Amino acid sequence: MNIGRPVPRSGSGSQEAYAPELLYATFNQDYGCFAIGTQSGFRIFNSDPYKEKMRREFKDGGIGIVAMLYRSNYLAFVGGGRNPRFPPNKVMLWDDASSNIVAELEFRSDVLNVQLQRERIVVVQRNKCIICSLEIKPRHLHAFETADNDRGALALSGGSQSSILAFPGRQKGHIQIVDLQSCVGLSAVQEPQSTSAALPVHRARSHSRGSISADSGVTASTAGPASGVYPANINIIAAHATSISALAVSADGTMVASASEKGTLIRIFDTLNGRLLHELRRGVDRADIYSIAFSPDNTRLCVSSDKGTVHVFNLEAKQGAGQQPAPTPAASGKSGNRHSNLKFMKDLLPKYFSSEWSFAHFRVANEVRCICGFGSERNSIVVLCADGTAQKYSFDSYRGNCIREWYRKFI
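Model, not experiment: these values are computed from the prediction.

With that settled, consider the sheet that holds strand β31 (residues 389-395). Reading across the sheet, the four strands line up as β29-β30-β31-β32 and stay open at both edges, with antiparallel pairing between neighbours. Whereas interior strands pair on both sides, the edge strands pair on one side only; in this sheet they are β29 (370-374) and β32 (402-409). Strand after strand, the sheet turns through a mean of 20° between neighbouring axes, direction not considered. Relative to β32, β31 runs antiparallel, the two being bridged by seven bridges. Looking at the pairing, Thr389 lines up with Lys409 of β32.

Structure follows, in structure tokens:
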């Protein structure tokens, strides 16, 4: 996400702590790598163990958005910074094996977010979510209208067997869920034409495609007629009363987590039927949620904000009816979430006193905004901060104690 220098306001962290060259930071689909966009290029790192893998410096401008495709050589860029390398209304597909732009998509308005999947490019604009095929000549597959989405909220499942997409609905506080594998017209895109030439994907993991189907040609514009747009089945979830600010989908696509612009509650829903599974309370003060992440096994959730705090929640099965949960994980001997000691007053304030609170939380150095993802070890979290640092924390499953394992400066 855009974790660079914010507009000064109370509680947003020391302005001197922000790295002036940092424009953007994001994890790949499994949090094993992360990428940053800078005023002069981009860099790729291994998350845990931390290691810089590569960097590219451009003489003619900055990268404001970076999207990774697992560990492959393909990335998507949008220009940004003081002197953008590319226009803000264009998405550029970069092949790092050849150090060249191999495709571009042009839109009528600025691009706010981009994510890549094995066969698709998903692009977010202020009031629209657009899906294109991931090819040398991208095809415009779907276009969905949304409510105002200035934060570019978007989530796409990262597992190899699921393709669940979540983005804001047309009404404020609603979420649209689309199963991309069931979309009409997808089979026509997945089958390469006789003129296609496969592109090799270097350094790819086993769960990523070995090639990207390509047609002849180099560029494609999605600004033209939408004659190739296909219909899709959409599930609508009424998640919050205010606008959606952050979304996450579990790797297997079964759950979606959301936060509103108020930032006090995280709600988790079943993507198939829209049923509310968990209501998690980050705090009582308003906050800007910058990231939500599921653990690979769907048993934990971590949430970060502009306050420089990261909260960890347990998502394992809730206790049965009639059982009174203990106030803290330490007292119960379980790694469950905390509940208010005044839960008996839930009839007066049901939403507040019935919510689950994080069983572990910590505050990053300099209290700057950050994004988070789970590390290679089960009880670990890697945090990318706006001051240009990567930090790893471990937490105790029972007492919730958190320890910083390492601290690295990446810019």
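As a rule of thumb, nonpolar side chains are buried together in soluble globular proteins. Among the nonpolar cores identified, the biggest contains 23 residues, and Val91, Phe107, Val111, Val114, Leu116 and Ile121 are the most heavily contacted of them. Residue contacts for Val114: discarding those within four places in its chain leaves Ile65, Ala67, Ala76, Val78, Val91, Ile121 and Val122. Phe359, Cys372, Ile381 and Phe395 belong to the second largest nonpolar core, which has 20 residues in total.

Attention shifts here to the sheet that holds strand β20 (residues 244-249). Taking strand neighbours across the sheet as the criterion, the five strands line up as β20-β21-β22-β23-β27 in an open arrangement whose pairing is mixed. Where the open sheet ends on each side, the last strands, each with one partner, are β20 and β27 (356-357). Here five bridges tie strand β21 (residues 255-260) to strand β22 (residues 265-270), and the two strands are oriented antiparallel to one another. Residue Val256 lies in a different strand from β22, and its bridge partner there is Phe269.

In this section: the confidence of the model for the protein. Residues at a pLDDT of 70 or more form 75% of the protein, whose mean pLDDT is 81. Contacts for the low-pLDDT stretch residues 7-11, under 50 throughout, to residues beyond four places or in other chains number six contacts. Here residues 186-199 is a poorly scored stretch, pLDDT under 50, and it has 26 contacts once near neighbours within four places are set aside; other chains count.

With that settled, the discussion passes to the packing of aromatic side chains. What the rule picks out here adds up to 16 aromatic pairs. A ring pair is formed by Phe45 and Tyr50, whose centres lie 5.7 Å apart and whose planes are at 20°; its orientation type is stacked. With a relative accessible area of 0%, Phe45 lands in the buried category. Each residue in the set Phe27, Tyr31, Phe34, Phe45, Tyr50, Trp406 and Phe410 is aromatic and connected to the rest through ring pairs, giving one cluster. Directly above the ring of Phe58 sits Arg85, whose terminal nitrogen or CZ lies 4.1 Å from the centroid. The side chain of Arg151 reaches across the aromatic face of Tyr290, ending 4.7 Å from its centre.

This part covers the environment of Val382. With respect to the helices and strands, Val382 occurs in strand β30 (residues 380-385). Residue Val382 is classed as buried on the basis of its relative accessible area of 1%. Between the C-alpha atom of Val382 and that of Trp406, which follows or precedes it by 24 residues, the distance is 9.5 Å. In this structure, Val382 is in contact with Phe27, Ser47, Asp48, Ile371, Cys372, Gly373, Gly375, Gln391, Lys392 and Trp406, ignoring residues within four places of it in sequence.

Moving on, we get to the pattern of salt bridges. Opposite charge on two side chains makes pairing possible when the charged atoms of those side chains draw close. Counted according to the given criterion, the structure contains 17 salt bridges. Across the salt bridge formed by Glu279 and Arg267, the nearest N and O atoms sit 2.8 Å from each other. Of this pair, Glu279 sits in strand β23 (residues 276-281) while Arg267 sits in strand β22, and the two are 12 residues apart along the sequence. Residues joined by salt bridges that share partners form a network here, namely Asp48, Glu377 and Lys392.

The next point concerns the environment of Asp148. If you trace the backbone, Asp148 turns up in the loop between β12 (140-145) and β13 (155-156). C-alpha of Asp148 to C-alpha of Gln125: the two residues are 23 residues apart in sequence and 9.0 Å apart in space. The residues touching Asp148, leaving out its near neighbours within four places in the chain, are Arg126 and Asn127. Looking at Asp148, its side chain comes within polar contact range of the side chain of Asn127, at 2.6 Å.

Turning next to unusual backbone geometry. With omega at 5°, the peptide bond leading from Asp48 into Pro49 counts as cis. Residues other than glycine seldom take positive phi values, yet Asn298 does so here, at roughly 65°. Following the sequence through the fold, Asn298 ends up in the loop between β24 (289-294) and β25 (300-305).

Burial runs high along strand β5 (residues 62-68): seven of the seven residues are buried. As paired elements, β5 and strand β6 (residues 74-80) share six bridges and run antiparallel to each other. From the neighbouring strand, Val66 faces β6, where its bridge partner is Phe77. Linking β5 back to β6 in an antiparallel pair, the connection comprises five residues, with Tyr70 at a positive phi of about 55°.

The rules behind these values
Per chain, residue numbering runs from 1 following the sequence as it is written. Local features in this predicted model are restricted to residues of pLDDT 70 or higher, and side-chain atom pairs are both shown and tallied only at a pLDDT of 80 or more, whereas totals for entire chains, interfaces and linings draw on every residue. Calculated side-chain values reflect all of the structure's heavy atoms, with hydrogen atoms and water omitted. Two strands are said to pair when DSSP picks up at least two bridges between them. In this text, helices come from DSSP runs of H or I with a minimum length of four residues, and strands from runs of E with a minimum of two, each type numbered from the N-terminal end. Between N-to-C directions, angles cover 0 to 180 degrees, with each direction set by a line fitted to C-alpha atoms, over the stretch in contact for helices. Throughout, nonpolar core names a set of buried Ala, Val, Leu, Ile, Met, Phe, Trp, Tyr and Cys residues whose side chains join them through atoms within 4.5 Å. Whether a residue is buried, partly exposed or exposed follows from its accessible area with a 1.4 Å probe, protein chains only, as a fraction of its type maximum: under 20%, in between, or over 50%, in that order. Here a residue-residue contact requires only that any non-hydrogen atoms of the pair lie within 4.5 Å. Per-residue confidence from the predictor is given as pLDDT, running between 0 and 100. Planes of paired rings set the category: under 30 degrees apart is stacked, over 60 is edge-to-face and the rest tilted, where pairs are Phe, Tyr or Trp rings (Trp by its six-membered ring) whose centres lie within 6.5 Å. For a ring to carry a charge above it, either NZ of a lysine or CZ of an arginine must fall within 6 Å of the ring centroid while also lying within 35 degrees of the normal to the ring plane. Salt bridges are identified by distance alone: a Lys or Arg side-chain nitrogen within 4 Å of an Asp or Glu carboxyl oxygen. Pairs of N or O atoms within 3.5 Å make up the polar contacts considered here, provided that, within protein, one atom can donate a hydrogen while the other can accept it, and that residues adjacent in sequence are counted only when both atoms are side-chain atoms.

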